[in-house]
Amino acid sequence: MFYCAHENNLGGRWRFEGVRFKAAVVKECIRDILREQLSGVQYDPDEVGVLSRSLADCIKDKLKDVGFDRYKLVVQVVIGEQRGEGVKMAARCFWDADTDSYAQDIFMNDSLFCVAAAFGSYFY
Amino acid sequence: MEEFSGEEGSFNSEEASNSVKECIQSIIGEESYRQDTVNQWTAKIVEQALTLLVKQTKSYKYIVSCAVMQKSGAGLHTANSCYWDTVTDGSCTVKWENRTMYCVVSVFAVALTP
């Protein structure tokens with residue numbers, strides 16, 4: 001659930017340039033990477049720290065390649081062990097709803113769950 | 001991304017971290033994990049944290065995310081990767097727990113043009 005406050009405190013004129021951060025495109029990127037890197041992976045407490053870090057870097061690099069040149073990117077990856085526990089994640093953003101956006105995807109198997117979210121903030 | 005010098009143009013992560021801790025404590029400090037109310041808790045935590053940050057009236061865009069997990073012996077890891085201006089932008093992550101649940105809140109601050 002996201003609430004975006006529309007706030008542009010520049011006052012000056014600017015024109016949107018470059019590729020817009022489209023949620024559908026980004027979600028697809030995230031989905032591909034999670035499927036490719038997590039299929040068949042078991043939760044291992046010694047390795048999952050490194051795995052989550054590398055996933056976050058991988059997603060960020062892929063998004064840079066896609067061509068969001070005018071965007072600052074934040075990618076967050078959460079990996080947890082599947083033990084039937086309840087988990088809830090929420091985010092709120094204070095940004096310019098015309099230019100900024102986010103995308104997320106979830107991957108689950110018997111052993112772990114993974115949530116990846118990518119936020120794009122336009123740099124005027 | 002831990003540096004904070006308190007000068008104009010950089011994100012003060014210690015101050016943000018303290019605000020967030022107070023937020024969490026006030027909303028779920030005395031509570032036990034309940035599936036029917038966890039939705040409201042996460043929503044309140046992110047909204048309150050965002051409101052506190054925005055009140056500082058610095059020219060930043062903010063992203064606040066919160067995960068609440070029941071304590072069941074399972075492990076949880078979070079990682080972030082950010083492509084931004086390391087001088088002006090910053091983040092902080094707060095881990096909090098009580099007897100029945102964990103709460104992890106991440107704040108990302110992205111500067112508007114100088």
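This text follows the structure it describes.
Just so it is clear, the model here is predicted, and its values are computed rather than measured.

Residue and element names in this part refer to chain A. The geometry of helix α1 (residues 23-38) relative to helix α2 (residues 48-66) is characterised by a closest axis approach of 10 Å and an angle of 140° between their N-to-C directions. Regarding the angle of α1 to α2, the classification is oblique. Seen from above, α1 lies across α2 with right-handed handedness. Residues V25, V26, C29, I30, I33, L34, Q37 and L38 of α1 form the contact with α2, whose participating residues are L51, S54, L55, C58, I59, K62, L63 and V66. Looking at the contact of α1 with α2, its residues break down into 13 nonpolar, 2 polar and 1 charged.

Moving on, we come to the packing of aromatic side chains. With the rule as written, the count across this model stands at 12 aromatic pairs over all chains. Taken together, the aromatic side chains of F16(A), F21(A), F68(A), Y71(A), Y122(A) and Y124(A) make up a single cluster linked through ring pairs. The aromatic ring of F16(A) is capped on one face by R20(A), whose charged end is 4.0 Å from the ring centroid. When the ring centre of Y102(B) is taken as origin, the NZ or CZ atom of K71(B), which lies over that ring, is 4.9 Å away.

Here we come to the interface of chain B and chain A. For interface size, the figure often reported is the accessible area lost on association. Facing the 43 residues of chain B at the interface are 45 residues of chain A. Buried surface at the junction of chain B and chain A, both sides included, amounts to about 3,600 Å², of which 58% is carbon and sulfur. A per-residue breakdown of the area chain B buries against chain A is headed by K61(B), H77(B) and Y83(B), which together make up 20% of the total. In this structure, the connection of chain B to chain A is made through 3 salt bridges.

Turning our attention to the sheet that holds strand β5 (residues 112-122) of chain A. Reading across from one edge, β4(A)-β5(A)-β2(A)-β2(B) is the order of the 4 strands in this open sheet, with antiparallel pairing throughout. Of all strands in the sheet, those with a lone pairing partner are β4 (101-108) of chain A together with β2 (76-83) of chain B, marking the two edges. When the angles between neighbouring strand axes are averaged without regard to direction, this sheet yields 10°. Bridging between β4(A) and β5(A) involves 8 bridges; their strand directions are antiparallel. By the bridge assignment for β5(A), F107(A) is matched with C114(A). The sheet contacts of α1(A) involve β4 and β5 of chain A, and relative to β4(A) the element is tilted by about 25°. Relative to the sheet, α2(A) contacts β2 (71-81) and β5 of chain A together with β2 of chain B, its axis offset from that of β2(A) by approximately 150°.

What follows concerns the pairing of strand β3 (residues 90-97) of chain B. As judged from the 8 bridges shared by β3(B) and strand β4 (residues 101-111) of chain B, these two strands associate in the antiparallel manner. Within β4(B), the position partnered with S91(B) by the bridge is F108(B).

Ranked by internal contacts, the top residues of the largest apolar core, which has 31 residues, are I24(B), I28(B), C103(B) and V105(B). Those elements that provide at least two residues to this core are β3 (87-95) of chain A together with α1 (13-28), α2 (38-55), β1 (60-70), β3 and β4 of chain B. Per element, the largest residue contribution to this core is 7 residues, and it comes from α2(B). With sequence-adjacent residues up to four places away left out, I24(B) is seen in contact with G29(B), I45(B), V94(B), W96(B), C103(B) and V105(B). Counting 30 residues, the second-largest nonpolar core is a separate cluster that includes F21(A), C29(A), I30(A) and L38(A).

This part is about the pattern of salt bridges. Under the counting rule described, the total for this entry stands at 9 salt bridges over all chains. Between K72(A) and D89(B) there is a salt bridge whose closest N-O contact spans 2.8 Å. A residue pair is termed interchain when its members come from two chains, as with K72(A) in strand β2 and D89(B) in the loop between β2 and β3. Take K72(A): its relative accessible area is 7%, and that puts it in the buried class. Note that E97(B) is salt-bridged to K71(B), the shortest N-O span being 2.6 Å. Taken as a pair, E97(B) in strand β3 and K71(B) in the loop between β1 and β2 lie far apart in primary sequence, 26 residues in all. Owing to a relative accessible area of 48%, E97(B) belongs among the partly exposed residues under this scheme. Each of K27(A), R31(A) and D105(A) takes part in salt bridges that share partners, so that together they form one network.

Reading the values: rules and limits
Residues numbered from 1 in each chain as written. Chains lettered and ligands numbered in written order. Predicted model: local features only at pLDDT ≥ 70, side-chain atom pairs only at ≥ 80, totals over all residues. Heavy atoms only, no water. Axes fitted to C-alpha atoms, helices over the stretch in contact; angles between N-to-C directions. Helix = DSSP H or I, 4+ residues; strand = E, 2+ residues; numbered from the N terminus. Parallel < 35°, antiparallel > 145°, perpendicular 65-115°, else oblique. Left-handed = near helix turned anticlockwise from the far one by under 90°. Contact = heavy atoms within 4.5 Å. Nonpolar A, V, L, I, M, F, W, Y, C, P; charged D, E, K, R; others polar. Phe/Tyr/Trp six-rings, centres within 6.5 Å; stacked < 30°, edge-to-face > 60°. Lys NZ or Arg CZ within 6 Å of the ring centre and 35° of its normal. Buried area = accessible area lost by both parts, 1.4 Å probe. Salt bridge = Lys/Arg side-chain N within 4 Å of Asp/Glu carboxyl O. Pairing = 2+ DSSP bridges. Core = buried A, V, L, I, M, F, W, Y, C linked by side-chain atoms within 4.5 Å. Buried < 20%, exposed > 50% of the residue type's maximum accessible area, 1.4 Å probe, protein only.

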